[in-house]
Every structure is written in C-alpha cells, then in structure tokens.
Amino acid sequence: MSKTYNIAVVGATGAVGETMLSILAERAFPVGDVYAVASSRSIGKRVAFGNRYLVVEDLADFDFSKADIGLFSAGASVSKEYAPKAADSGCIVVDNTSQFRYDDEIPLVVPEVNPEAIALYRKHGIIANPNCSTIQMVVALKPIYDAVGIERINVCTYQAVSGTGKEAMEELIKQTAQLLNGKPIEVTVYPKQIAFNALPQIDVFLDNGYTKEEMKMVWETRKILQDDAIQVNPTAVRIPVFYGHSEAIHIETKEKITSSQAHTLLGKAPGITVVDTREAGGFPTAVTESAGNDAVFVGRIREDISHLRGLDLWVVADNVRKGAALNSIQIAEILAKNHI
C-alpha cells in the first residue's frame, strides 16, 4: 500500500480553499484524512471534496499534529498566528499568504522554477507561496532566463477581481447590473467604479510611488530567481474580469534570442501552453483560455522593435488555480514525493 498524507486546508470556505480541495481530488493526491479548517464563523459548514463533503472544523481548536501538510489560505494575520503553531506540531505549512514571503529563511517556491528550494522548509517547517501575478510571470520567463539571461523586466498586469475576494466579485456583478439598468452605482470594495473600468492601483501606495502589489513582483522575482541584479518595473491594474490575470511582459535579455527560439523554448517548458499563431484570435485570453485551467498560457511572442535584445510576451493564467491553489498543491506533491 502506498503512503498517504493527512492534509489540513486552512481557509477551506474561501475561494482558494475550496479550489485547493477540488484540485486535491482532481489530481489524486495521496491523501489519508483531509481536514477542512476555518474560523469559528464557519464551524459546521460543509465543503466539497471530490464526491463527498467535509464538515468545517474550528481553527482555534484544531490539533495540527494530525496533519502532515497544512495548506494555508486564510489571510496573513491568521498565518502569522497559526502557521508557526502548526509547524511546531510537526505539520509542514504551505502558506498562500504574504506573511512569510520576504523572510530570508523561508523558501518562496514556484515548482516549475525553483523546486530545489522546497528542501529549505526544514528550518522553520514553512514554505511560502508567491503572489499570483509573480507566479505566472516567472513560470513564463524561467526558460528564457535559463537560456540567455534577463537583465530587465517591464510588466503591466491586468488582474481579475477574484484576486481581491468574493466581495469584489459581488461588487462587479452589482455595479454591472446597476449600470445596465440605468441606476446609480455603489462603490465599497474599490476606491472607484470597477465595472467597465480599469484601476491602476492594487494594494496600498508606498513611498516610492509604486503600490505594494507592484513591489511584491520586484521582491519575489529576485528571491525566486536568486538574482538581486534583475531589474523589474511593474504596473498593476485591476480590470473587470472575474478569473484570470493577464500580463504584458517586455524583457531585455543578456544575449539575443529570436521570437522563434523563444517560441520553441516555451513550447517545451513544463506548465506552459503556447497559443501564438499570429492571426485573428491566435492568442490566449484570461476568459477563454486560462479560467478554470492549470497552465500558464503564453502568446504574442515577438521581438521588441525598440531594443536589440528585447522580447515581448502576453501571459495569462487563472489566478485562483495556478496563482494560488494549484501552486500550493504542486509544492505539497513534491514534499510528499521527495521530502517526507
């Protein structure tokens, strides 16, 4: 009989937690017992796991010694309090929040990019999952980075409202209905109307004029690639899409690479699907390709006419799946296979 692992999903009633449970079942992870854990407000609720339902348990009282791996997605403050407690109980934590990403002693992992970093979990028993916008970008850039090096990244993101949470999705639905029916809109989640609009602010503004979401992409890219010299210049924009982040990425490589060479490299890389036929519709979009799917989709591969060693890409991925739940479970799969 093959070995199984007990899994605790913390934040099981949230969008990412629900998706974690769904993907665990889809990918036939070698689970023993699965525990759905959330705050006291959700005690007794039922959440789907495969063809059965789990009853949600109270995080405050949960015994993490029962779990081999804890998948956390309940907010940074929750992870700050409970992830170390879980790790002290022998439960390896894969944390999907921002709480531990910038701790030098805690690995920040994208399995297609730096799976070797997972082994560093032993120091604190915690592995951090990067920000969703960073994950899809580094998956797309890693084959090029390995082949010819990258000096600079200019990236504009166009991010779905599901990245903010259920309240934001509800606000988009409500505002859309209000506008289509000629009624005044209500603005509560975002600082301005999100329906039929684009908001160039995600998270708070920092002293340098960038938002925290933008700086996350700088900090995390350098940590994941272990390259403090790489320059990253991001602009993060929220758009009225429910699922799937899009990114226009412009890179300056250390050595020249043609669009044809990049196309071939990306087509062979794990986790990437290339959709790039240079005809009407021959490119991926968040809604038609990435939503509900696991791959990072890459298109519009072209050489930058303004820079001798420039290359342009269009990258889309489901922010809740690959940008959060799937990435965490891929980490857990490597843990189960190679480390525990």
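In the block above lies the structure referred to throughout.
Parameters and conventions
- Residues numbered from 1 in each chain as written.
- Predicted model: local features only at pLDDT ≥ 70, side-chain atom pairs only at ≥ 80, totals over all residues.
- Heavy atoms only, no water.
- Helix = DSSP H or I, 4+ residues; strand = E, 2+ residues; numbered from the N terminus.
- Rg over C-alpha atoms; globule rule 2.2 N^0.38 Å.
- Buried < 20%, exposed > 50% of the residue type's maximum accessible area, 1.4 Å probe, protein only.
- Contact = heavy atoms within 4.5 Å.
- Areas by Shrake-Rupley, 256 points an atom, 1.4 Å probe, with all protein chains shown as cover.
- Lys, Arg positive; Asp, Glu negative; His and termini not counted.
- Charge placed at Lys NZ, Arg CZ, Asp CG, Glu CD.
- Phe/Tyr/Trp six-rings, centres within 6.5 Å; stacked < 30°, edge-to-face > 60°.
- Lys NZ or Arg CZ within 6 Å of the ring centre and 35° of its normal.
- Salt bridge = Lys/Arg side-chain N within 4 Å of Asp/Glu carboxyl O.
- Pairing = 2+ DSSP bridges.
- Axes fitted to C-alpha atoms, helices over the stretch in contact; angles between N-to-C directions.
- Expected span 1.5 Å × (residues − 1).
- Bend = angle between axes of the 7 residues up to and from the residue.
- Core = buried A, V, L, I, M, F, W, Y, C linked by side-chain atoms within 4.5 Å.

Chemist: What am I meant to see in the overall build of the chain here?
Modeler: Of regular secondary structure, the chain possesses eight helices and 14 strands. The C-alpha radius of gyration computed for the chain amounts to 20 Å, which stays within 12% of the reference 20 Å derived for 340 residues, consistent with globular compactness. When the backbone C-alpha atoms are referred to their principal axes, the chain occupies close to 60 × 55 × 40 Å. Split into buried and exposed, the 340 residues of the chain put 53% on the buried side. Once local pairs closer than 6 in sequence are excluded, the contacts in the chain between residues at least 24 apart make up 67%. Put simply, the chain shows about 15,000 Å² of open surface, and 50% of that area lies on carbon and sulfur atoms. If the 33 positive side-chain charges of the chain are averaged to one point and the 41 negative ones to another, these points end up 1 Å apart.

Chemist: Help me out: how do you make sense of the packing of aromatic side chains in this one?
Modeler: Aromatic rings considered in pairs are described by the distance between their centres and by the relative angle of their planes. For the structure on display, the rule yields five aromatic pairs. Here the aromatic rings of Tyr-158 and Trp-314 are separated by 6.0 Å at their centres, their planes lie at 35°, and the arrangement is tilted. Linking Tyr-158 in strand 9 (residues 150-159) with Trp-314 in strand 14 (residues 310-317), this pair joins segments that are 156 residues apart in sequence. For Trp-314, a relative accessible area of 23% puts it in the partly exposed group. Joined through ring pairs, the aromatic side chains of Tyr-35, Phe-62, Phe-64 and Phe-72 make up one cluster. Above the plane of the ring of Tyr-53 lies Arg-46, whose end atom (NZ or CZ) is 4.6 Å from the centre. Here the basic side chain of Lys-85 rests over the ring of Tyr-82, its NZ or CZ set 5.0 Å away from the ring centre.

Chemist: For this particular structure, what's the right way to read the pattern of salt bridges?
Modeler: Where charged atoms of side chains with opposite charge meet at close range, the side chains can pair. In the structure shown here, the tally under the stated rule is 17 salt bridges. For Arg-321, the salt bridge identified is with Asp-294, shortest N-O distance 2.8 Å. With Arg-321 in helix 8 (residues 321-339) and Asp-294 in the loop between helix 7 (286-290) and strand 13 (296-303), this pair connects stretches of sequence that are 27 residues apart. Judged by its relative accessible area of 28%, Asp-294 falls in the partly exposed class. A salt bridge links Arg-302 to Asp-312, with the shortest nitrogen-to-oxygen separation between them at 3.8 Å. Here Asp-312 lies in strand 14 and Arg-302 lies in strand 13, a separation of ten residues in the sequence. Classification of Arg-302 by relative accessible area gives partly exposed; the value is 29%. Beyond isolated ion pairs, a larger network of salt bridges with shared partners links Glu-26, Asp-294 and Arg-321.

Chemist: Sorry, what's going on with the sheet that holds strand 12 (residues 272-274) here?
Modeler: Backbone hydrogen bonds hold the strands of a sheet together, and the pairing may be parallel or antiparallel. An order of 10-9-11-14-13-12 is seen for the six strands of this open sheet, with the pairing classed as mixed. If you trace the sheet from one side to the other, it starts and ends with strand 10 (231-238) and strand 12, each paired once. This sheet shows a mean twist of 20° between the axes of neighbouring strands, independent of strand direction. Here strand 11 (residues 245-253) pairs with strand 14 via eight bridges, running antiparallel. Within strand 14, the position partnered with His-250 by the bridge is Asp-312. Helix 5 (residues 212-225) rests against strand 9, strand 10 and strand 11 of the sheet, and its axis sits at about 145° to strand 10.

Chemist: I would appreciate a short explanation of helix 3 (residues 132-148) in the present structure.
Modeler: Residues lying three or four places apart along an α-helix face the same way, a consequence of the helix completing one turn every 3.6 residues. For helix 3, spanning 17 residues, the distance from its first C-alpha to its last is 25 Å, which sits close to the expected 24 Å at 1.5 Å a residue. Of all the bends in helix 3, the greatest, near 40°, is centred on Leu-141, and the proline Pro-143 appears no more than four residues after it. Most of helix 3 sits inside the fold, with 15 of its 17 residues counted as buried. Phi for Gly-149, located one or two positions after helix 3, is positive at around 75°.

Chemist: Looking at this structure, how should I read the environment of Val-47?
Modeler: Looking at where Val-47 falls in the secondary structure, it is placed in strand 3 (residues 46-49). Taking C-alpha positions, Val-47 is 7.2 Å from Glu-18, a pair spaced 29 residues apart along the chain.

Chemist: I'm lost on the nonpolar core in this one. Help?
Modeler: Taken as a class, soluble globular proteins show a tendency for nonpolar side chains to be buried jointly. Counting residues in each nonpolar core, the largest one holds 56 residues, and the members touching the most others are Phe-64, Ile-153, Ile-249, Val-298 and Leu-313. The element contributing the most residues to this core is helix 3, with nine residues. Sequence-distant contacts of Leu-313, defined by excluding residues within four places in its chain, comprise Leu-141, Ile-144, Glu-247, Ala-248, Ile-249, Leu-266, Val-298, Gly-299, Arg-300 and Ile-301. Grouped together as the second largest cluster of nonpolar side chains are 36 residues, Ala-12, Ile-23, Leu-54 and Ala-324 included.

Chemist: Quick question: what am I supposed to make of the sheet that holds strand 8 (residues 126-128) here?
Modeler: Pairing within the open sheet is parallel, and its six strands lie in the order 5-2-1-6-7-8. Every interior strand has two partners, whereas the edge strands, strand 5 (57-58) and strand 8, have only one.

Chemist: Explain unusual backbone geometry to me, please; I cannot follow it from the model alone.
Modeler: A negative phi angle characterises most non-glycine residues, just as the trans form characterises most peptide bonds. Notably, Asp-203 is not glycine yet its phi reads approximately 75°, a positive angle. Inspection of the secondary structure assignment puts Asp-203 in the loop between helix 4 (166-180) and helix 5. In this structure, Arg-300 is a non-glycine residue whose phi angle is positive, near 50°. Within the secondary structure, Arg-300 is located in strand 13. For Arg-300, a relative accessible area of 41% puts it in the partly exposed group.

By themselves, these are just geometric observations and shouldn't be taken as functional.
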